[in-house]
Amino acid sequence: MNGLFADLVGQSLAVDLLQAALQHHRLAPAYLFAGPDGVGRRLAALRFLEGVIAGGAASPRQRRRLEALNHPDLLWVEPTYQHQGRLLSRREAEEVGLSRRTPPQLRLEQIRGVGRFLARQPVEAERGMVVIETAEAMAESAANALLKTLEEPGHGLLVLLSAAPERLLSTIRSRCQLIRFLRLDPDALDQVLLRCGASGMDPPELIGMAAGSPGALIEHRQRWSLLPESLANRLRTLPIEPMDALSLARDLCESLDGEQQLWLIDWLQQRIWRAAHSEHAVRRLESLRRHLLSFVQPRLAWEVALLDLMTITAAG
C-alpha cells in the first residue's frame, strides 16, 4: 500500500485517509480534494484511482493508462473556453492562439456529460470514475447540475479538485468527503523540485506567489519567462512619470493576453509588498483585477491603476 502513494510528498494526512479507504474497502461516492494548486492534489487523485482499480495496490499498467487519461472508465473534466461552438481546454486554447481575457469555466454541458458517463455500465473497472479539476470554476447552472448527480451518484466515484472550496455550493461540499492538502514546508518543496529536475534559485516574488506549492512555482517560472525581456525589466521599477505609466499600460495590453495580465497583478502585489509593505497599493491592484474581470477596457484600467500607484508610492 505504501508504494501506491510513494511519490506524493508532504501530504501524510491525505495519504492516511485515502489508504484507509482503500484498505477497508469503504469508498465514499464523492471526494473533495481541497488545497492549494500544485501541492499534489492531481497526483493523489491519479494514485487513488489506481488503487481503486487495482484493489489498493500499485499497478504500473494502470498507472500508465490513468496518467495518459485513456482508461475507458475514467472521465477527466477541466475548465474550458468557448470558441466557435467548441469547448477548448487551456492547452488547446494556447495551441490555437485563442485570446484568453477571462479564466476558463466548467460548463453545463460538461457536467451533464458527467451524469451520462456515470449512468453507463463500466467497461473494465467496477465503477465509473470522474475527476473534476478546478471545481470552483463551475457556472451556477453547472453547479446545480452537479448537485443532482451527487444526490444520486449510483455506483460511480467522483473526485473534485479545488483550490477554493469555499466557492463551491455548501450542498456540494456536504455531499463529498473532504481530503485536505497542505502547503509544503521548504524541505518538502525542495525535494519535489529536485525530483522533477526543477530545482534552482528563484526571485522572491515567485517564491512568495508559490506559497509552498512546487507546481505553482514551476508555473510561475514559466509565466515569468514568457514575458518579453524589455517589458520584464520595466516592471521591476514602477513608473514615476505619467507618460511612462501610460506607455507601460499600452505595452502591457499589446503584449499580454487577459490571463497573463491577471497573473502579472499577483506578481506586482508581491513586488510592491516586499519593497514598501503598502496595503493601499496592494488593494489598488486588487481593484484592477476586478475591473479586468468585469470587462472594463484593459488599457484604460491599467492606465488609471498605474497613475494611482504612482501617487500611492510617492505618498508612502
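Here we summarise the structure given alongside this text. For clarity, every value in this text was computed on a predicted model and none was experimentally measured.

### A word on the sheet that holds strand β1 (residues 30–34)
Next, step 1: Taken in spatial order, the five strands line up as β2-β5-β6-β1-β7 in an open sheet, and their pairing is parallel. Each having just a single partner strand, β2 (74–77) and β7 (177–180) make up the two edges of the open sheet. Neighbour-to-neighbour, the strand axes of this sheet turn through a mean angle of 15 degrees, independent of strand direction.
Next, step 2: Of the strand pairs in this sheet, strand β5 (residues 129–132) and strand β6 (residues 157–162) are connected by four bridges, and their pairing is parallel. Within the sheet, the bridge partner assigned to Ile 132 lies in β6 and is Leu 160.
Next, step 3: Across the sheet, helix α1 (residues 12–23) touches β1 and β7, and the angle it forms with β7 is around 140 degrees.

### Some points on helix α5 (residues 108–119)
Next, step 1: Its 12 residues place the ends of α5 17 Å apart at the C-alpha level, agreeing with the 16 Å of an ideal helix rising 1.5 Å per residue.
Next, step 2: Within the span of α5, buried status applies to Gln 110, Ile 111, Gly 113, Val 114, Phe 117 and Leu 118. The arc enclosing the buried residues of α5, seen along the axis, measures out at 150 degrees, which places them on a common side. Exposed side chains of α5 directed beyond 90 degrees from the buried face belong to Arg 112, Arg 116 and Ala 119.

### Brief notes about the pattern of salt bridges
Next, step 1: As enumerated under the stated definition, the model contains 19 salt bridges in all.
Next, step 2: Glu 259 is the salt-bridge partner of Arg 90, the closest N and O atoms lying 2.7 Å from each other. A residue pair is termed long-range when its members are at least 10 positions apart, and Arg 90 in helix α4 (residues 90–95) and Glu 259 in helix α13 (residues 258–276) qualify at 169 residues.
Next, step 3: Taking relative accessible area as the criterion, Arg 90 reaches 32% and is therefore assigned partly exposed.
Next, step 4: Salt-bridge contacts for Arg 234 lead to Asp 251; the nearest nitrogen and oxygen are separated by 2.6 Å. Here Asp 251 lies in helix α12 (residues 242–255) and Arg 234 lies in helix α11 (residues 229–235), a separation of 17 residues in the sequence.
Next, step 5: If you follow the salt bridges from partner to partner, you end up with Arg 90, Glu 219, Arg 223 and Glu 259 in one network.

### Concerning unusual backbone geometry
Next, step 1: A positive phi angle, close to 55 degrees, is found at His 25, a residue other than glycine.
Next, step 2: Relative to the helices and strands, His 25 is located in the loop between α1 and β1.
Next, step 3: The phi torsion at Gln 84 lies on the positive side, around 55 degrees, for a residue other than glycine.
Next, step 4: Along the chain, the position of Gln 84 falls in the loop between β3 (81–83) and β4 (86–88).

### A look at the side chain of Gln 269
Next, step 1: With respect to the secondary-structure elements, Gln 269 resides in helix α13.
Next, step 2: Among the polar contacts listed, one links the side chain of Gln 269 to the side chain of Arg 289, at a separation of 3.3 Å.
Next, step 3: Excluding its chain neighbours within four sequence positions, the residues that come into contact with Gln 269 are Val 282, Leu 285, Glu 286 and Arg 289.

### Comments concerning the environment of Glu 303
Next, step 1: With respect to the helices, strands and loops of the structure, Glu 303 is situated in helix α15 (residues 298–315).
Next, step 2: For Glu 303, a relative accessible area of 17% gives the class buried.
Next, step 3: Linking Glu 303 and Leu 246, residues 57 residues apart in sequence, is a C-alpha distance of 5.4 Å.
Next, step 4: Ignoring anything within four residues of it in the chain, the contact list for Glu 303 reads Leu 246 and Ala 249.

### Focus on the packing of helix α2 (residues 41–53) against helix α3 (residues 60–67)
Next, step 1: Closest axis-to-axis distance for the α2/α3 pair is 10 Å, and the angle between their directions is 135 degrees. On the basis of their axis angle, the class for α2 and α3 is oblique. Every pair of crossing elements has a handedness; the one defined by α2 and α3 is right-handed. Between α2, through Leu 46, Arg 47, Leu 49, Glu 50 and Ile 53, and α3, the contact on the second element is made entirely by Gln 62, Arg 63, Leu 66 and Glu 67.
Next, step 2: Grouping the constituent residues of the contact of α2 with α3 by class yields four nonpolar, one polar and four charged.

### A short note on the side chain of Arg 289
Next, step 1: Summarising the element assignment, Arg 289 is placed in helix α14 (residues 279–293).
Next, step 2: Separated by 2.7 Å, the side chains of Arg 289 and Asp 266 make a polar contact.
Next, step 3: Beyond its immediate sequence surroundings of up to four residues, Arg 289 is in contact with Leu 262, Ile 265, Asp 266 and Gln 269.

### Side note on the packing of α13 against α14
Next, step 1: Interhelical geometry of α13 versus α14 gives an angle of 175 degrees and a closest axis separation of 9 Å. When the interaxial angle is binned, α13 and α14 end up roughly antiparallel. Two secondary-structure elements touch here, α13 through Gln 261, Leu 262, Ile 265, Asp 266, Leu 268, Gln 269, Ile 272 and Trp 273 and α14 through Glu 279, Ala 281, Val 282, Leu 285, Glu 286, Leu 288, Arg 289, Leu 292 and Leu 293.
Next, step 2: Grouping the constituent residues of the contact of α13 with α14 by class yields 11 nonpolar, two polar and four charged.

Calculation criteria
- Residues numbered from 1 in each chain as written.
- Predicted model: local features only at pLDDT ≥ 70, side-chain atom pairs only at ≥ 80, totals over all residues.
- Heavy atoms only, no water.
- Pairing = 2+ DSSP bridges.
- Helix = DSSP H or I, 4+ residues; strand = E, 2+ residues; numbered from the N terminus.
- Axes fitted to C-alpha atoms, helices over the stretch in contact; angles between N-to-C directions.
- Contact = heavy atoms within 4.5 Å.
- Expected span 1.5 Å × (residues − 1).
- Buried < 20%, exposed > 50% of the residue type's maximum accessible area, 1.4 Å probe, protein only.
- Arc of directions from axis to C-beta.
- Salt bridge = Lys/Arg side-chain N within 4 Å of Asp/Glu carboxyl O.
- Polar contact = N/O pair within 3.5 Å; in protein donor to acceptor, adjacent residues only side chain to side chain.
- Parallel < 35°, antiparallel > 145°, perpendicular 65-115°, else oblique.
- Left-handed = near helix turned anticlockwise from the far one by under 90°.
- Nonpolar A, V, L, I, M, F, W, Y, C, P; charged D, E, K, R; others polar.

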